[in-house]
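# An overview of the molecular structure
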Protein chains: 2
Amino acid sequence: MQESAAAVGPVARLIEEFHKLPGIGPKSAQRLAYHVLRAPAAEARALADAIIEARERVTLCSRCQYLTDTDPCRFCSDPQRDRATVCVVEEPLDVLAIERSGRYRGLYHVLHGVISPMDGIGPEDLKVGELLDRLRSGEVREVIVATNPSLEGEATAMYLARLLRPLGVRVTRLARGLPMGADIEYADDVTIARALEGRQEL
Amino acid sequence: MQESAAAVGPVARLIEEFHKLPGIGPKSAQRLAYHVLRAPAAEARALADAIIEARERVTLCSRCQYLTDTDPCRFCSDPQRDRATVCVVEEPLDVLAIERSGRYRGLYHVLHGVISPMDGIGPEDLKVGELLDRLRSGEVREVIVATNPSLEGEATAMYLARLLRPLGVRVTRLARGLPMGADIEYADDVTIARALEGRQEL
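All of the points below concern the structure found in this document. What you see is a predicted model, and the numbers here were worked out from it, not measured in a lab. (Residues numbered from 1 in each chain as written. Chains lettered and ligands numbered in written order. Predicted model: local features only at pLDDT ≥ 70, side-chain atom pairs only at ≥ 80, totals over all residues. Heavy atoms only, no water.)

Right, let's talk about the overall build of chain A for a bit. When helices and strands are counted, chain A shows eight helices and six strands. Going from the N terminus to the C terminus, chain A shows its helices and strands as α-α-α-α-β-β-β-α-β-α-β-α-β-α. Taking 202 residues into account, the globule formula puts the C-alpha radius of gyration at 17 Å, and chain A, at 22 Å, lies well above it. Looking at chain A as a whole, 46% of its 202 residues qualify as buried. Sequence-distant contacts, at least 24 apart, represent 47% of the contacts inside chain A between residues at least 6 apart. Counting only carbon and sulfur atoms, one obtains 53% of the accessible surface of chain A, whose full area is about 10,900 Å². Of the side-chain charges in chain A, 26 are positive and 30 negative, and the distance between the mean point of each set is 4 Å. (Helix = DSSP H or I, 4+ residues; strand = E, 2+ residues; numbered from the N terminus. Rg over C-alpha atoms; globule rule 2.2 N^0.38 Å. Buried < 20%, exposed > 50% of the residue type's maximum accessible area, 1.4 Å probe, protein only. Contact = heavy atoms within 4.5 Å. Areas by Shrake-Rupley, 256 points an atom, 1.4 Å probe, with all protein chains shown as cover. Lys, Arg positive; Asp, Glu negative; His and termini not counted. Charge placed at Lys NZ, Arg CZ, Asp CG, Glu CD.)

What follows is the structure, encoded as structure tokens:
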């Protein structure tokens, strides 16, 4: 990288570390590094501390596998939430997205990935065993599979449905259809097909 | 921020700190935070260390005001560079951009900003006094003003030209014109005007 040639030592190292983060290209990494160098020392220190503190204090909830600094996490320990429903998601960020909808009051289960034979990822690499353990308590009546509407997400949903139905639990999937604000003219074939299949009475 | 409501404690703090960085919106901040939480502990630690180390070791070069961990910086202490020419830039990143061109062998001077009456920034808020001090040695024969071709950049260039010419130093400005790969059809009026003014013999 030519940038490293011009910025040597600690600056180059900082640029490099920022560059390792997802979605941060070499130019953004430079901008972030120079921001940190020009920001008040307290602000730079706060960022470094937040990274260290988060890594030290945040673990996976032993029940739902969500990232948390308390165990069980705030969802699993909240008596107001419906313990009969578990929403299965791929990643922790999906939990935040569903929470933002304000329409879900059940618990979560984070798989930390999807089944992807191409990448050599099978159910044993995901938090599937932990999900089965939770269902054995008999408290859960419905599992909403909220994996992404991608090939891997669909395959994972199918796998979970086959695995969980024999346990007497209802397995559902988030509706697939046209996103809000979409233009049918530009929607892809699969989305339109799903929207037709899932059409509802008015 | 709704995100903070769902992610409490150290995770929320980390998201918040990332969100303070330039160009990092709430979604990117979440992605970065979750990456740091899932990355190997050594990688997270390396990022935090790089931030602390850079803040502790990097200062401004006492001559050119570029960010450096040695004083004078690698440009000012390089005997191979032409000490009679000083290129004045707004920000440290501009130095890297000019270095990448591979066409400049002189020294630099970083103003750390531009004159901007709208933001209450005058010459006294920039490293202009330091530039004058450097010129007093009599070693410098040309100052290339490489501030951005923006309103503020042009005003700063004009100011510097008026200030420096009486010292007997040649003051030049980077050429303004059509950027490489540009399409004249879509170029703005001012760029075309500048390109006409600066037209060269073929």
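Before going further, it helps to examine the nonpolar core. Generally speaking, a soluble globular protein has its nonpolar side chains buried in company with each other. Judged by nonpolar contacts, the single largest core of 74 residues is most densely connected at A:Phe18, A:Ile51, B:Phe18 and B:Ile51. Contacts of B:Ile51, omitting those with residues within four sequence positions, involve A:Leu14, A:Phe18, A:Val36, A:Ala44, A:Leu47, A:Ala48 and A:Ile51. (Core = buried A, V, L, I, M, F, W, Y, C linked by side-chain atoms within 4.5 Å.)

To continue, consider the interface of chain B and chain A. Taken residue by residue, the interface counts 57 residues in chain B and 57 residues in chain A. For the chain B and chain A pair, buried surface summed over both sides reaches about 5,300 Å², with 68% attributable to carbon and sulfur atoms. Run the count over chain B and chain A and you get six salt bridges. In this structure, B:Glu53 engages A:Arg13 in a salt bridge whose closest nitrogen and oxygen atoms are separated by 2.1 Å. Inspection of the chain B/chain A interface yields 12 residue pairs in polar contact (both at pLDDT 80 or more). Sorting the residues of the side of chain B that touches chain A by element identifies helix H1 (2-6), helix H2 (10-19), helix H3 (26-38), helix H4 (41-57) and helix H5 (92-101) of chain B as the ones contributing at least two each. Looking at the side of chain B that touches chain A element by element, the count peaks at 16 residues for H4(B). Here the residues of the side of chain B that touches chain A sort into 33 nonpolar, five polar and 19 charged. (Buried area = accessible area lost by both parts, 1.4 Å probe. Salt bridge = Lys/Arg side-chain N within 4 Å of Asp/Glu carboxyl O. Polar contact = N/O pair within 3.5 Å; in protein donor to acceptor, adjacent residues only side chain to side chain. Nonpolar A, V, L, I, M, F, W, Y, C, P; charged D, E, K, R; others polar.)

Before going further, it helps to spend a moment on the sheet that holds strand S6 (residues 170-173) of chain A. Residues and elements named next belong to chain A. Here we have four strands laid out as an open sheet, ordered S4-S3-S5-S6, and parallel in their pairing. For this open sheet the edge positions go to strand S4 (106-110) and S6, each flanked by a neighbour on one side alone. Sheet twist, expressed as the average angle between the axes of neighbouring strands with direction ignored, equals 25°. Here strand S3 (residues 82-89) runs beside strand S5 (residues 142-145); their pairing, made up of four bridges, is parallel. Bridging from a neighbouring strand, Val86 pairs with Val143 of S5. Helix H5 (residues 92-101) contacts S3 and S4 of the sheet and is inclined by roughly 155° relative to S4. Sheet strands touched by helix H7 (residues 151-164): S3, S5 and S6. Its angle to S6, the strand with the most contacts, is close to 170°. (Pairing = 2+ DSSP bridges. Axes fitted to C-alpha atoms, helices over the stretch in contact; angles between N-to-C directions.)

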